[in-house]
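Take a look at the letters that make up each chain.
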Amino acid sequence: MSSSVSPRLFSRKEVDRHHTKDSCWVLLGNRVYDVTGFLRRHPGGEALILRRSGSDISQEIEGPPHRHSANARRWMEQYYIGELDKDSVRDTQVRGRRKPQEHTDEKEEQEEPSATSRCSKVDFETDLVDWHKPLAWQVGHLREKYDTWVHQPVDRPIRLFQSEFLEASTKTSWYMVPVVWMPLVLYLSWYCYTTLAQEKTRLFITKNYSVMVHKYTFPLIFLFGMFVWSFIEYCIHRFVFHMRPPAHNYYLITLHFLLHGQHHKSPFDGSRLVFPPGLASPVIGAFYLLMQAVFPYGLGLSMFVGGLCGYVVYDMIHYYLHYGAPQKGSYMYGLKVYHVKHHFEHQRAGFGITTTFWDRPFKTLIPDESFDGTH
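Residues numbered from 1 in each chain as written. Predicted model: local features only at pLDDT ≥ 70, side-chain atom pairs only at ≥ 80, totals over all residues. Heavy atoms only, no water.

Enquirer: Would you mind going over the pairing of strand β3 (residues 23-28) with me for this structure?
Expert: The two faces of the sheet receive side chains in turn, since in a regular strand these alternate between them. Among the 6 residues that make up β3, 6 are buried, leaving the element largely enclosed by the rest of the structure. Of the two faces of β3, the one holding Ser 23, Trp 25 and Leu 27 and the one holding Cys 24, Val 26 and Leu 28 are both buried throughout. The pairing of strand β2 (residues 19-20) with β3 spans 2 bridges and is classified as antiparallel. Paired with His 19 across the two strands is Cys 24, which belongs to β3. Hairpin geometry of β2 and β3 is characterised by an intervening segment of 2 residues between the two adjacent antiparallel strands. By the bridge criterion, 4 bridges tie β3 to strand β4 (residues 31-34) in an arrangement that is antiparallel. (Buried < 20%, exposed > 50% of the residue type's maximum accessible area, 1.4 Å probe, protein only. Helix = DSSP H or I, 4+ residues; strand = E, 2+ residues; numbered from the N terminus. Pairing = 2+ DSSP bridges.)

Here you go:
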């Protein structure tokens with residue numbers, strides 16, 4: 001909001017009325033935020049915010065148990081809608097003085113700005129790029145500023161291209177992934193099983209020694225293919241999607257942004273949370289050819305179909321981690337919290353999506369948060 005425009009003022013009673021899923025407001029000091037659109041996205045669950053609706057969440061922002069990152073604070077500012085009016089502020093201060101005081105006046109003066117001083121409103125008019133134009137051909141000019149800029153997320157859809165055709169080709173609905181690929185997974189699973197049932201597929205250990213690949217081993221081969229995919233998923237995410245393009249290379253910066261940077265800039269753009277089947281097809285085709293070249297026909301195809309199923313599961317889980325509301329304490333809840341930390345605070349760690357398994361041996365596991373009380 002421009003400094004020349006007076007903020008909208010709200011009474012305490014008006015703020016208190018917004019405490020439902022349909023309209024949820026919270027406070028940071030005297031600043032009012034409408035976080036209705038963020039309820040389901042919050043990694044802690046919507047109930048956690050609803051319990052604090054109408055109240056000052058400065059304590060929760062600062063921690064313990066969790067101190068929110070600079071990106072989380074910046075993200076919060078996108079929901080700023082105004083300020084408490086003076087009468088409401090005085091009433092709140094009077095209520096605060098009636099409680100047992102453990103803080104001096106000097107500390108109270110220091111605490112109010114600490115809740116908001118690290119929150120910086122994203123100003124699309126003065127940002128490093130022109131948000132009124134497609135971003136694909138702009139980001140390469142950011143050079144050394146690109147890495148910092150792309151890891152400061154915004155709650156806003158991104159337009160990549162001026163061409164409607166190119167723009168549409170980069171978007172897809174989440175359900176298109178299972179609609180396109182799961183029929184192929186089912187068909188190839190049946191085909192692989194019947195192929196192995198012919199008992200003509202042999203795995204050669206040496207030129208003179210081979211073993212029969214029996215049809216009953218298909219489920220194990222299928223699961224092994226999914227396991228292999230989890231490793232490929234980790235490698236692609238870490239070494240391709242999170243490559244750090246040279247600051248002087250316009251084209252590599254642009255490529256990085258198109259592959260994954262745009263997702264980190266706008267992590268809740270629902271039309272770009274899964275790969276469009278048309279763009280994924282060449283990569284999937286390349287893996288098919290590789291598996292066929294390395295392994296005997298029936299064996300390679302069985303591993304491929306397991307990996308393809310693993311890819312579908314990966315894309316669905318990724319979408320759910322951004323828009324789902326898993327039950328607290330569940331496996332998916334832990335993955336959601338882990339992935340949100342990757343987006344907002346630990347962009348150089350936490351590369352596993354469906355599992356954190358590969359983050360452990362490669363030492364990219366996001367550490368458990370510890371709170372030492374310092375700022």
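Enquirer: Mind showing me how you'd approach the packing of aromatic side chains here?
Expert: Per the stated rule, a full pass over the model turns up 30 aromatic pairs. Taking 6.0 Å as the distance between ring centres and 35° as the angle between the ring planes, the aromatic pair formed by Phe 38 and Tyr 79 counts as tilted. Taken as a pair, Phe 38 in the loop between β4 and α2 (46-50) and Tyr 79 in the loop between α4 (70-76) and β5 (80-84) lie far apart in primary sequence, 41 residues in all. Across the pair, exposure class does not vary: Phe 38 and Tyr 79 are buried alike. Through a chain of ring-to-ring contacts, the aromatic side chains of Phe 38, Tyr 79, Trp 174, Tyr 175, Phe 268, Tyr 319 and Tyr 323 assemble into a single cluster. Here Arg 31 stacks its cationic end above the ring of Tyr 80, 4.1 Å away from the centre of that ring. (Phe/Tyr/Trp six-rings, centres within 6.5 Å; stacked < 30°, edge-to-face > 60°. Lys NZ or Arg CZ within 6 Å of the ring centre and 35° of its normal.)

Enquirer: Explain the sheet that holds β3 here, please?
Expert: In any sheet, the strands associate via hydrogen bonds between backbone groups, in a parallel or an antiparallel arrangement. The 5 strands are arranged β1-β5-β4-β3-β2 in an open sheet whose pairing can be described as mixed. Pairing within the sheet leaves two strands with one partner each, and these edge strands are β1 (9-10) and β2.

Enquirer: Even after reading the chapter, I still don't get a nonpolar patch on the surface, so can you show me in this structure?
Expert: A grouping of Trp 174, Tyr 175, Met 176, Val 179 and Val 180 is seen on the molecular surface, where their side chains present a nonpolar patch of about 430 Å² in accessible area. Here Tyr 175 lies in the loop between α8 (164-169) and α9 (176-197). Of the residues examined, Tyr 175 reaches a relative accessible area of 41% and is grouped as partly exposed. (Patch = residues over 30% accessible without salt bridge, like charges linked within 9 Å, V, L, I, M, F, W, Y side chains within 5 Å. Areas by Shrake-Rupley, 256 points an atom, 1.4 Å probe, with all protein chains shown as cover. Salt bridge = Lys/Arg side-chain N within 4 Å of Asp/Glu carboxyl O.)

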